[in-house]
Amino acid sequence: MIRLCSTILRVAAAVAVASVMLGCHERQLCYDHSHKASVSIEFDWSLAPEADPASMVVWFFPLDGSHGHRFELTGDGMSSRGSFDAVVKVPEGSYHMVCHNGSTEFNVERGSTIGDYQIETYDVEVLSAMNRAESAPRPGDTEMQAVRSQSSRLYAHTHDDIFTVVNDPKACQKVVFTPAEKTVVCDLRVTGVQNMRPDVEVSAIITGVSGAWHAGSQSPDDIEVSVPFALDHCGSDCLKGSVVLFGLPGESHKIRIYTSYKYYYDFDVTDQVRRQIGNRKIELSLSGIKLPDAPSSGMSPGVSDWGDITEEVIPM
């Protein structure tokens, strides 16, 4: 009788253990306490049909000013813009939303909140467009401006509406971004260039331009910088160059053209810029410089409008 009771107890215990194990198998344990939800990201390229992004960066910035959540969407690696559409996991909360193209040559991200986030570039030398590290003089009233690299083309969109993420599997949560170009492309053409020779390198710098683009205000920074860019031969008496800028907020804009023979030539292009403010493409036209005949011992000024004027080179 005692042996029978012992056997019954062992069987009952085995059944109880099996029931517990079965219950653990059927009920999945939840280790994710972050309360994240799926959000579908889509891009509408109707405002930037020419854009060819390498990646797309998406930010969800909390309304309380805390650090945002960054996602970089790399797509299929074949420059297919439709492949950047994705689903991301975002913590519950209300957000400002920003997107822009990433993996660019010159643009650098700064900040992690909607109040301080901006795209800027890095410091360079005045003659960097000629691959030279030595210093060179700048127009006298722009000496305090930082010298920055040109920007890469920036395509961005900051949503005006607040987006709230809820942890509800039944909720359809989708954000559609419509990127548009935020940069300005400035093309320069210099005609009537005398004494063109392949051994003379030429570059330029433009002053009074913006050093950054702010995501919160969706506008360029009003702190002015100067940006160097290369000039190339475009004929027997022509030079041309192009530079990408965040904007031109300054009240005046000068271009100084440098040569590898240490002469420079100054032009004031303020009026030309003002006539085209608001355009994403600005065309600047200059004429009348004579490139130097031989190297000199230091950087010297030329004159900006030759016409019937005799060249006057003033040693520094």
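Residues numbered from 1 in each chain as written. Predicted model: local features only at pLDDT ≥ 70, side-chain atom pairs only at ≥ 80, totals over all residues. Heavy atoms only, no water.

Participant: I'm lost on the pairing of strand 2 (residues 55–62) in this one. Help?
Facilitator: On a regular strand, one side chain projects to one face of the sheet and the next to the other, so that they alternate. For strand 2, a buried count of eight out of eight residues is recorded, marking the element as mostly surrounded by other parts of the structure. Residues Ser55, Val57, Trp59 and Phe61 of strand 2 are buried on one face, and the alternating residues Met56, Val58, Phe60 and Pro62, pointing to the opposite face, are buried as well. Pairing of strand 2 with strand 3 (residues 69–73) involves five bridges; the strand directions are antiparallel. Looking across to strand 3, one finds that Val58 is bridged to Phe71. Counting the residues in the hairpin turn of strand 2 and strand 3 gives six residues, including Gly65, whose phi is positive at 85°. (Buried < 20%, exposed > 50% of the residue type's maximum accessible area, 1.4 Å probe, protein only. Helix = DSSP H or I, 4+ residues; strand = E, 2+ residues; numbered from the N terminus. Pairing = 2+ DSSP bridges.)

Participant: I keep staring at the sheet that holds strand 20 (residues 254–259) and nothing clicks. Help me out?
Facilitator: Backbone-to-backbone hydrogen bonds join strands into a sheet, with any given pair of strands oriented parallel or antiparallel. Read from one edge to the other, the open sheet built from six strands follows the order 8-17-14-20-21-23, with strand pairing classed as mixed. Each edge of the sheet is formed by a strand with only one pairing partner; in this case those strands are strand 8 (146–147) and strand 23 (300–301). Looking at chain direction, strand 14 (residues 202–210) and strand 20 are connected through five bridges and run antiparallel. What sits directly across from Ser203, in strand 20, is Tyr258.

Participant: What is the right way to look at the sheet that holds strand 19 (residues 239–245) in this model?
Facilitator: An order of 18-19-13-22 is seen for the four strands of this open sheet, with the pairing classed as mixed. Edge positions in the sheet fall to strand 18 (232–233) and strand 22 (281–290), since each has one partner strand and no second. In terms of strand pairing, strand 13 (residues 184–194) meets strand 22 through nine bridges, oriented parallel. Of the residues in strand 22, the one forming a bridge with Leu188 is Leu284.

Participant: Just to check I follow, could you spell out the nonpolar core for this structure?
Facilitator: Note that soluble globular proteins tend to have their nonpolar side chains buried in a common cluster. Ranked by internal contacts, the top residues of the largest apolar core, which has 32 residues, are Ile206, Ile255, Ile257, Leu284 and Ile289. Sorting the residues of this core by element identifies strand 13, strand 14, strand 17 (224–230), strand 19, strand 20, strand 21 (263–268) and strand 22 as the ones contributing at least two each. With near-sequence residues (within four places) excluded, Ile255 lies in contact with Leu188, Ala204, Ile205, Ile206, Tyr265, Asp266, Phe267, Val269, Leu284 and Leu286. By size, the runner-up hydrophobic cluster in this structure holds 23 residues, among which are Phe71, Leu73, Val88 and Phe163. (Core = buried A, V, L, I, M, F, W, Y, C linked by side-chain atoms within 4.5 Å. Contact = heavy atoms within 4.5 Å.)

Participant: Just to check I follow, could you spell out the side chain of His253 for this structure?
Facilitator: Tracing the backbone through its elements, the reader meets His253 in the loop between strand 19 and strand 20. A polar side-chain atom of His253 sits 3.1 Å from the main-chain carbonyl oxygen of Thr207. For His253, the residues in contact, after removing those within four places along its chain, are Thr207, Gly208, Leu248, Phe267, Asp268, Val269, Thr270 and Val273. (Polar contact = N/O pair within 3.5 Å; in protein donor to acceptor, adjacent residues only side chain to side chain.)

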